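For reference, the chains in residue letters:
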Amino acid sequence: MIWIFDMIILIFLILTAFISLRVKDLLSAAMIFGVYSLLMCLLWAGMGAVDVAFTEAAVGAGVSAVFLISTILRTSRRSSD
Amino acid sequence: MKFLGLLTVLITGFLLIQAERDFPDWGDVNSPASSYKLSQHYITQTFAETSVPNMVTAVLADYRGYDTMFETVVIFTAGIAIIGILRVFGSNIKPDHPEVVLTKKKPDLIVETTCRLLIPIIQLFALYVVAHGHHSPGGGFQGGVIFGASFILLALARDLQYAQQWVPENRILNLAGIGIFIYAGFGVASLLLGGNFLDYGVLTAIIPGDVKDAHSHSMLGVEIGVAFTVTAIMFSIYSSLSSNGHMKEGI
Amino acid sequence: MVAIEALADKFNYWVYIVIMMIGLYAMVSKNNLIKKLIGMSVFQTAIILFYVSIGYKDEATIPILYHDQVHGAHHAEEGDHSDEGAHHDETHAMEAIAKEATHHGNDHAVDADHAEVDEHEADHVIDAHVMHNESDHAFEAGHGGLDIDPNQFENPLVHVLMLTAIVVGVATLGVGLAITQKLYGEFGTIEEHEIIEQLRTGND
């Protein structure tokens, strides 16, 4: 486990989680949530949890982001905070 | 309200960091989680008892098969709940809120052609992932989600109506129910043959081979049941969410 | 550099606490319903990160057996059958001797050493017999044939629990989004304070 990659991915993880909850446009928030999910998948694959990473890649970055976007397009796209 | 929330979060975070001082080092081989006897039993005895190299699939479908059955039931219940919340039939459809009216789009040529080439390959890969779950990372859930995602891709490339010609609504729910029946069917078959519920060892009467093969083949059957349910429910949730329940037009 | 490596020992755990608190703050304080649901998902994946970090071992590989371990053992299994039979008989005898020695309580140094060594091996054989007897399948060779070091593989129990957690998380997210759509159809907005305002003026 290369610890320098581990640290960089963890720092990006905090950044994307924070930014995804700060942007006012909900579609961007869903996209950045997809990036967060992908970074989690990379982190777990680096730690040797390959089954968990496979499931997170299929479910989190694929299906979950699609559900969020379809709901955002059916309700409003703006957010007040 | 926000200030109270921030205060709560800071206090909880501080308490957790204080508690985290007692943790063993990350990656320590002698930590209590890593030297747990049951985990070591799973690592050393899985191949001897079930002849399946992938330990995670063996624990998921054989040693902890009861949990996996109820997890499948949870997914099924979520799909049914979403249909129960959102589904409206013909006469009850209200016109959409004026902010939400989506313009009807023509199918885009590039997207449609690419998806028409990609979707059979994605489905073949999904079947491979389900079938090869014993030897490589994979299994029922992952393959089921990928298969469901291929139907979602079909609905996104063309219309929701077009995708529903391939997977009509009632057939999809039938498929989800059949998946759970397959899983519970293995358990009931073990009961009828004299063992405990989901005890794959007594299924040697039906499945040819010795006990290790009975475990391995029952695991494959159970994973197929899980894949059916997950496929059906993923597409059903998408079609409910993207059409706001009326199943006439997607996003 | 050494200090940074020492930091890396516990860095995973601190980051999981920070991400979990970000998710918790979003669930409690944001007004928009979709932001609350994204916060819930962030919270759930942070918990899964924590569990996977617990199950990690240094210099261990993924929890899938190697091809040559799996297929090399098949040949070793048949060869081991005859050896194991003799081994069992021999340790039976040593077990009897150990039991006699401890029963008589001999204090001679040589006998005590001999009894200690025998007792240790007898314990080992007793363990083997217990695991042997509790499952009456016909796979004796499995116990002696496949030589797997538990420290070489990661902990599969943790991965199994987290697979269930991820899938249940996406099911819960789906139900939350369906309720959000229904609220939008009913009230025309997905901001929490506006919904509360409408409920308050609607009830008056």
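In case you missed it, the structure is sitting above this.
Anyway, here's the lowdown on the structure attached to this text.

Conventions adopted
- All chains use their own residue numbering, which begins from 1 and follows the written sequence.
- Going through the entries in the order they are written, you letter the chains from A and number the ligands from 1.
- Thresholds applied to this predicted model are a pLDDT of at least 70 for local features of residues and 80 or more for the giving and counting of side-chain atom pairs; totals over whole chains, interfaces and linings are not thresholded and use all residues.
- Numbering of helices and strands runs from the N terminus, with a helix taken as a DSSP run of H or I at least four residues long and a strand as a DSSP run of E at least two residues long.
- Helices are assigned an expected span. That span is 1.5 Å times one less than the residue count.
- One axis is fitted to the seven residues ending at the residue and one to the seven starting there. The bend at that residue is the angle between these axes.
- In this scheme every C-beta is placed from the backbone, and a residue whose C-beta has 20 or more other C-beta atoms within 10 Å is buried, one with 12 or fewer is exposed, and one in between is partly exposed.
- Placing a C-beta atom from the backbone of each residue, one calls two residues in contact when those atoms lie within 7 Å.
- Nonpolar residues are Ala, Val, Leu, Ile, Met, Phe, Trp, Tyr, Cys and Pro. Charged residues are Asp, Glu, Lys and Arg, and all others, Gly as well, are polar.

**Focus on helix H2 (residues 37-50) of chain B**
Residues and elements named next belong to chain B.
Alright, step 1. Given a rise of 1.5 Å per residue, 14 residues ought to cover 20 Å, and the 19 Å separating the end C-alpha atoms of H2 matches this to within 8%.
Alright, step 2. Approximately 45 degrees is the largest bend angle found in H2, and it occurs at Thr 44.
Alright, step 3. Within H2 the residues assigned to the buried category are Ser 39, Tyr 42, Ile 43, Gln 45, Thr 46, Phe 47, Ala 48, Glu 49 and Thr 50.
Alright, step 4. Backbone geometry just after H2 places Ser 51 at a positive phi near 50 degrees.

**Brief notes about the interface of chain A and chain C**
Alright, step 1. If you look at the interface, chain A gives 36 residues, while chain C gives 39 residues.
Alright, step 2. Counting residues per element, the ones that place at least two in the side of chain A that touches chain C are helix H1 (3-20), helix H2 (26-46) and helix H3 (50-74) of chain A.
Alright, step 3. Broken down by element, the residue count for the side of chain A that touches chain C peaks at 13 residues, all from H3 of chain A.
Alright, step 4. The residue makeup of the side of chain A that touches chain C, split by class, is 23 nonpolar, nine polar and four charged.

**Section: the interface of chain C and chain B**
Alright, step 1. With 49 residues of chain C at the contact, the number on the chain B side is 53 residues.
Alright, step 2. The set of elements that each furnish at least two residues to the side of chain C that touches chain B consists of helix H1 (2-29), helix H2 (33-54), helix H5 (140-145) and helix H6 (156-187) of chain C.
Alright, step 3. Counting residues per element, the side of chain C that touches chain B draws most heavily on H6 of chain C, which supplies 16 residues.
Alright, step 4. Considering only residue class, the side of chain C that touches chain B consists of 30 nonpolar, 14 polar and five charged.

Any functional reading would require information beyond the geometric quantities listed.
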